[in-house]
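Overview (structure and organization)
Each chain, letter by letter, is given below.
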Amino acid sequence: MSAFSAIGEGKEIDRNDYTPGLEPQATWCPGCGDFGVLKALKGAAAELGKSPDEMLLVTGIGCSGKLNSYFESYGFHTIHGRSLPIARAAKLANPGVEVVAAGGDGDGYGIGGNHFMHSARENHDMTYIVFNNEIFGLTKGQTSPTSPMGHKSKTQPHGSAKQPLRPLSLSLTSGASYIARTAAVNPNQAKDIIVEAMEHDGFSHVDFLTQCPTWNKDARQYVPYIDVQDSEDYDFDNTDRREAAEMMHETEDALHEGKVLTGRYYVDSDRPSYQEEKQRIGEMPEEPLAERYFDDSYEWERSYDQFLDKHK
Amino acid sequence: MTNDELIWRIAGGSGDGIASTSQNFAKALMRSGLNVFTHRHYPSRIRGGHTYTEIRASADPVKSRGDGYNFLLALGDSFARNPQQNAYYGNEEIKPLSENLDELREGGVIIYDSGLLDASEIEDFDERVEENNWHVYDLDLRTMAREHGREVMRNTAGVGATCALADIDLEWIEELMTDAMPEKILEPNLEILHEAYDMVEEEYDVDAHDVKIPEGEHDEEQVLMSGSDAIAYGAIDEGCRFIAGYPMTPWTEVFTIMTQNLPELGGISEQVEDEIAAAALALGASHAGVKAMSGSSGGGFALMSEPLGLAEMTETPVVLVEAMRAGPSTGMPTKPEQGDLEHVLYTSQGDSHRIVFAPGTVTEAYTQTRKAFKIAYEYQIPSIVLYDQKLGGELVNVPASHFDEDPNPSLGSTLTEEEIADAPHDESGKFSRFRYDTPEDNGVAPRSIPGQKGGRFLATGNEHMPEGHISESPENRVFQMDKRMRKLEAIREELDGDGVNNTLHGEEDAQYGFLTFGSSQGTVEEAVDRLNDAGHSVKSLGVSEMAPYPVEQVKEFIESVDEVLVVEMNASAQFRGLTQKEIGQYGEKLSSLLKYNGNPFEPEDIVEGFEVNIVENDDHPHTRTKFVPAAGD
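The following refers to the structure shown. Owing to the predicted nature of the structure, the values given are computational and were not obtained by experimental measurement. (Residues numbered from 1 in each chain as written. Chains lettered and ligands numbered in written order. Predicted model: local features only at pLDDT ≥ 70, side-chain atom pairs only at ≥ 80, totals over all residues. Heavy atoms only, no water.)

So, about the overall build of chain A. Each helix and strand in chain A was counted, giving eleven helices and ten strands. For 312 residues, the compact-globule estimate of 2.2 N^0.38 gives 20 Å, and chain A sits close to it at 21 Å. Expressed as a percentage of its 312 residues, the buried residues of chain A come to 61%. Across chain A, the fraction of contacts at a sequence separation of at least 24, relative to all contacts at a separation of at least 6, is 72%. For chain A, the accessible area works out to roughly 12,500 Å², and carbon and sulfur atoms hold 47% of it. The centroid of the 30 positive side-chain charges in chain A is displaced by 9 Å from the centroid of its 49 negative side-chain charges. (Helix = DSSP H or I, 4+ residues; strand = E, 2+ residues; numbered from the N terminus. Rg over C-alpha atoms; globule rule 2.2 N^0.38 Å. Buried < 20%, exposed > 50% of the residue type's maximum accessible area, 1.4 Å probe, protein only. Contact = heavy atoms within 4.5 Å. Areas by Shrake-Rupley, 256 points an atom, 1.4 Å probe, with all protein chains shown as cover. Lys, Arg positive; Asp, Glu negative; His and termini not counted. Charge placed at Lys NZ, Arg CZ, Asp CG, Glu CD.)

A few words now on the overall build of chain B. Across its full length, chain B carries 21 helices and 24 strands. The C-alpha atoms of chain B give 27 Å as radius of gyration, which agrees with the globular expectation for 633 residues (26 Å, within 12%). Projected onto the principal axes, the alpha-carbon positions of chain B cover approximately 90 × 60 × 50 Å. Here chain B holds 633 residues, and 63% of them are scored as buried. When contacts within chain B are restricted to residue pairs at least 6 apart in sequence, long-range pairs at least 24 apart make up 78% of them. Carbon and sulfur atoms make up 45% of the accessible area of chain B, which amounts to about 22,600 Å² in all. In chain B, which carries 49 positive and 116 negative side-chain charges, the distance between the mean positions of the two groups comes to 7 Å.

Turning our eyes to something else, we now look at helix α8 (residues 241-255) of chain A. Residue and element names in this part refer to chain A. Here α8 contains 15 residues, and its C-alpha end-to-end distance of 21 Å stays within 8% of the 21 Å for a straight helix at 1.5 Å per residue. Every buried residue of α8 is accounted for by A244, M247, M248, T251, E252, A254 and L255. Down the axis of α8, the buried side of the element spans an arc of 160°, and every buried residue falls inside it. Turned more than 90 degrees from where α8 packs its buried face, R242 and E246 sit exposed. Against α6 (167-174), β7 (178-183), β8 (203-209) and β10 (260-267) lie the buried residues of α8. (Expected span 1.5 Å × (residues − 1). Arc of directions from axis to C-beta.)

With that settled, the discussion passes to the interface of chain B and chain A. Counting residues at the interface gives 79 residues for chain B and 62 residues for chain A. If you look at where chain B meets chain A, you find nine salt bridges. Its salt-bridge partner being D404 of chain B, residue R302 of chain A comes within 2.9 Å of it at the nearest N-O pair. Applying the counting criterion to the chain B and chain A interface returns 34 residue pairs in polar contact (both at pLDDT 80 or more). At the level of secondary structure, the elements contributing two or more residues to the side of chain B that touches chain A comprise α1 (18-31), β9 (222-226), α8 (227-237), β11 (268-271), α10 (275-287), α12 (305-314) and β17 (458-460) of chain B. With eight residues, the single largest contributor to the side of chain B that touches chain A is α10 of chain B. When grouped by side-chain class, the residues that make up the side of chain B that touches chain A number 35 nonpolar, 23 polar and 21 charged. Relative to β17 of chain B, strand β2 (residues 74-77) of chain A is paired through three bridges, and the arrangement is parallel. (Salt bridge = Lys/Arg side-chain N within 4 Å of Asp/Glu carboxyl O. Polar contact = N/O pair within 3.5 Å; in protein donor to acceptor, adjacent residues only side chain to side chain. Nonpolar A, V, L, I, M, F, W, Y, C, P; charged D, E, K, R; others polar. Pairing = 2+ DSSP bridges.)

Time to look at the nonpolar core. If you look at the biggest cluster of nonpolar residues, it comprises 152 residues, and the most contacted ones within it are F242, M258, M293, L515, M546 and F575 of chain B. W8, M153, V206 and I213 of chain B belong to the second largest nonpolar core, which has 49 residues in total. (Core = buried A, V, L, I, M, F, W, Y, C linked by side-chain atoms within 4.5 Å.)

Residues and elements named next belong to chain B. Within strand β22 (residues 563-568), five of the six residues are buried, which leaves the element mostly enclosed by the surrounding structure. Across five bridges, the pairing between strand β19 (residues 512-517) and β22 is parallel. Its bridge partner being in β22, F514 is matched across the sheet by L565. In the sheet, β22 pairs with strand β23 (residues 590-595) via five bridges, with the strands oriented parallel. For V567, the partnering residue across the bridge sits in β23 and is L593. Tracing the backbone out of β22, into helix α20 (residues 574-583) and back to the parallel element β23 gives a crossover that is right-handed. (Right-handed = clockwise from strand over helix to strand, strands pointing away.)

Moving on to the sheet that holds strand β21 (residues 545-547) of chain B. All names here are of chain B. Taken in spatial order, the seven strands line up as β11-β10-β12-β13-β15-β14-β21 in an open sheet, and their pairing is mixed. Each of the sheet's edge strands pairs with one partner strand only, and the pair in question is β11 and β21. Strand after strand, the sheet turns through a mean of 20° between neighbouring axes, direction not considered. With two bridges joining them, strand β14 (residues 355-357) and β21 adopt antiparallel strand pairing. Residue F357 lies in a different strand from β21, and its bridge partner there is E545. (Axes fitted to C-alpha atoms, helices over the stretch in contact; angles between N-to-C directions.)

Bringing the environment of P336 of chain B into the picture now. Residue and element names in this part refer to chain B. The topology assignment puts P336 in the loop between β13 (318-324) and α13 (341-346). Sequence spacing of P336 and T38 is 298 residues, and the spatial spacing of their C-alpha atoms is 14 Å. Setting aside its immediate chain neighbours within four residues, P336 contacts A326, D388, Q389, K390, M569, G598, N599 and P600.

Turning to the sheet that holds strand β18 (residues 503-506) of chain B, a few remarks are in order. All names here are of chain B. The mixed open sheet is built from six strands, whose spatial order is β18-β20-β19-β22-β23-β24. Among the strands making up the open sheet, the edge pair consists of β18 and β24 (625-628). Taking each pair of neighbouring strands and ignoring which way they run, the sheet shows an average axis angle of 20°. With six bridges connecting them, β19 and strand β20 (residues 538-543) associate as parallel partners. Bridge pairing in β20 links F514 to S540. In this fold helix α18 (residues 521-533) packs onto β18, β19, β20 and β22, with an angle of close to 170° to the strand it touches most, β20.

On to the pattern of salt bridges, then. All names here are of chain B. For the coordinates displayed, the defined rule picks out 56 salt bridges over all chains. When the shortest N-O distance is used, the salt bridge between K483 and E315 registers 2.9 Å. Here K483, found in helix α17 (residues 474-497), pairs with E315, found in the loop between α12 and β13; they are 168 residues apart in sequence, far enough to count as distant. As far as the burial class goes, K483 and E315 line up, both buried. Ionic pairing is found between E394 and K390, a salt bridge with its closest N-O pair at 3.1 Å. Neither E394 nor K390 differs from the other in exposure class; each is buried.

This part covers the pairing of β11 of chain B. Residues and elements named next belong to chain B. Note that strand β10 (residues 242-245) and β11 share four bridges and pair parallel. Paired with A244 across the strands is E270, a residue of β11. With helix α9 (residues 252-261) bridging β10 and its parallel neighbour β11, the resulting β-α-β unit is right-handed.

Turning to the packing of helix α3 (residues 83-93) of chain A against α10 of chain B, a few remarks are in order. Relative orientation of the contacting elements α3 of chain A and α10 of chain B amounts to 45°, with a least axis distance of 7 Å. Judged by the inter-axis angle, α3 of chain A sits oblique to α10 of chain B. The chirality of how α3 of chain A crosses α10 of chain B is right-handed. In this structure, α3 of chain A contributes P85, I86, R88, A89, A90 and A93 of chain A to the contact, and α10 of chain B contributes A277, A280, L281, G284 and A285 of chain B. (Parallel < 35°, antiparallel > 145°, perpendicular 65-115°, else oblique. Left-handed = near helix turned anticlockwise from the far one by under 90°.)

Counted according to the given criterion, the structure contains 24 aromatic pairs over all chains. With centroids separated by 5.2 Å and ring planes inclined at 5°, the aromatic side chains of Y18 of chain A and F71 of chain A adopt a geometry described as stacked. You can see Y18 of chain A sitting in the segment before α1 (34-48) and its partner F71 of chain A sitting in the loop between α2 (67-70) and β2, a full 53 residues away along the chain. Take Y18 of chain A and F71 of chain A: they sit in the same class, and that class is buried. Considering the side-chain rings of Y549 of chain B and F575 of chain B, the 6.4 Å spacing of their centres and the 50° angle between planes classify their relative orientation as tilted. Here the residue Y549 of chain B occupies a position in the loop between β21 and α19 (551-559), and F575 of chain B occupies one in helix α20, the gap between them amounting to 26 residues. (Phe/Tyr/Trp six-rings, centres within 6.5 Å; stacked < 30°, edge-to-face > 60°.)

As a further point, take the environment of I583 of chain B. Residue and element names in this part refer to chain B. On the secondary structure map, I583 appears in helix α20. As for I583 and G76, which are separated by 507 residues in sequence, their C-alpha atoms are 51 Å apart. Look past the residues within four positions of I583 in its chain and what remains in contact with it is Y549, V551, V554, K555 and I558.

Our focus in this paragraph is the state of the cysteines. Evaluation of the coordinates by the stated rule reveals zero disulfides over all chains. C32 of chain A provides the cysteine sulfur closest to C63 of chain A, a residue in no disulfide bond, and the two sulfurs are 6.2 Å apart. (Disulfide = S-S within 2.5 Å.)

Put into structure tokens, the structure is as follows:
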């Protein structure tokens, strides 16, 4: 019998099961896009029938990091930019757990940029949601890696001299196998995309446009949005790397010209996840590693029997 | 002394096979019944440059590299010369033969490879040979090896020549080569071994000197083990099956040994993008219910400061190892120092705490790594194994039975689902992971693991309520802080009561004491024996528990003697500072002997340092060590 009986329980789950019984008053500002992420995540988890006990939500620091307080599941609210390495190790240790990591654009594309690149490259089987509001919110309105060029803030009083980072293109180049962009103003698409991302076997990156009504008043509030899959103006094969790349460039160019494009940009269902690759080369057990620590009948190897001969 | 021990130095260029040859030779000497201790000296470069390994072999126990050496096999650096221009690379001179010749003892033996080295290039060589009564054998090992087809075999030829001159039975070497070498290279190696041996026997007077191999016998089976091996095996035996790291000298050794062994044990090793990620992965795996470790050396460990604090705040068990090398910054990557003590004790923000062990020997490296895991998982606190390049790389013989211990895969204070069902939950249904206990408790609240039914909670680096929600409530803050800190008292109590103390050595009622930590312990003990043999009255305490500090034991030790000399390998007397901070008195009794030139202490450094500074109360004559007098002295 599994020590983790919540995993794969498959019972009827209601979206309200993800609402903490003692819900702390959400400290997000009125109109904040983060509410949209919370709503989409609850809807997706319910649709997939994941129970709160089999989910691990790992967050970074900032407004986005507070998602953990308002979403009922196992949670790990970590340190600035470091949600991904913690999340991917948890997944390797116990692959049955549904692992979702979340953070903001400063957290994920700035301080945690290195981890983002490498988690995507390794194609860990997990979902990564980046709350992209093009601003630092909780530290009160500084320029972020996705802020547009010329953006003025307290720390860039003359306007930013830097090009904004292109998260979709970076993700593709790094090696993510599912890449989508959605927006808090587009709740149905957001939920569907998170369902797909969680179902996908590999690193799923969702760039989630979240408006910041308090600090980014200049930012277009991501409306009107266009769903590239629904629009007749955009025709590309999102399983083709080159076509996906071109579409991403167009999307990223368009954003600061007032055109908000969302949708599924890249889906590679054939590539094995990192975990599968690691098992294939014999560097990861077939059974969940964590399970073994609860198995009283497991016979633990020790150095005396295994390795001492070569030192004699 | 020359008949009591052989201190054999093999010198050459990095990449010339010095390490593997010396390792095999040390193992052969161990198998013949001797006690061995090796000391490695290597530059931070891949090929060429000057590298040497010393093997000290004696029938008596050996605890340090000894003083100097009495047998030099100088093979030369095959990468030093640029064959096209007949020039040297960089500033390399013919160091394998010239460097540290001062440390070759009187009456010592030199074999040098005349195929690569020319003694006439060394100033005053002949005069010094005569003055010191050295016995020099110039053998063209390179040509001999070339004739057998592989130039690298001049190592084996040198070993053969050594055996002839030191009267070592070739059988031990043959047996070991047969075990260690693949068929294809075994045959030519055996041939050249014998050829060199016979050639020296026939053509030279092998009895001209009195450096001979001693005879010894072990009363139980021995294994040749380094500190890095012992740390890795300690982790494995304690049930660690997950490691994440980034390569950095000298920590890489532990990382590599674990990585090579974990897959066959069904474990996981991850080489990741940086050290922040490495420590974070270890935390993530531990959070998900696996015994996990990470580690690094100085600069890499600096990056782990934040995840370390997160482990403490979220009460996530984790073991980090820190392999010290000379600093600051990247310092001297391949040279030993004990300068990261304060870094490891105090890094990370706020009132954060970690448990720190600093093993003094290879055997302690094994037992204390196991203890580090046990404490970390029982008390849900990060624990650190702090060691240095010297301990990590030194090979010594240890009774195999030392490793014949039961495995301990227990996750410590972790609940099963049945136990979770009976444990306190708050009214929301969340598990009361960080529940309040009483001041009489030890501060430990058992944890649950993601995937367990009914165990969900929030782990966060912010201050938090019992179920994990972030809180800035003053009452809760004080409760949680006190709870975390209560663990330290409980751990101190457990360490005091576990029957394994810090290591005392010497006469109980001695007049003077040496206080030291980590890998300097063995060298200090050897100096203590010599000083007592010379009529002094000394003892030593090797402290290997750095945090929580063993205040009572150290206090008792200091009180029992007139004066204490604190021996450590750094320039700022960090261990003495820690001792004074923790004990809060007796500052006037503690003076320091420091060494930080990139080489570890030799017993003679300590003997002399004691006699000159403490007994004679004189100025310190050494350039290798530094004396810092007691406060108010």
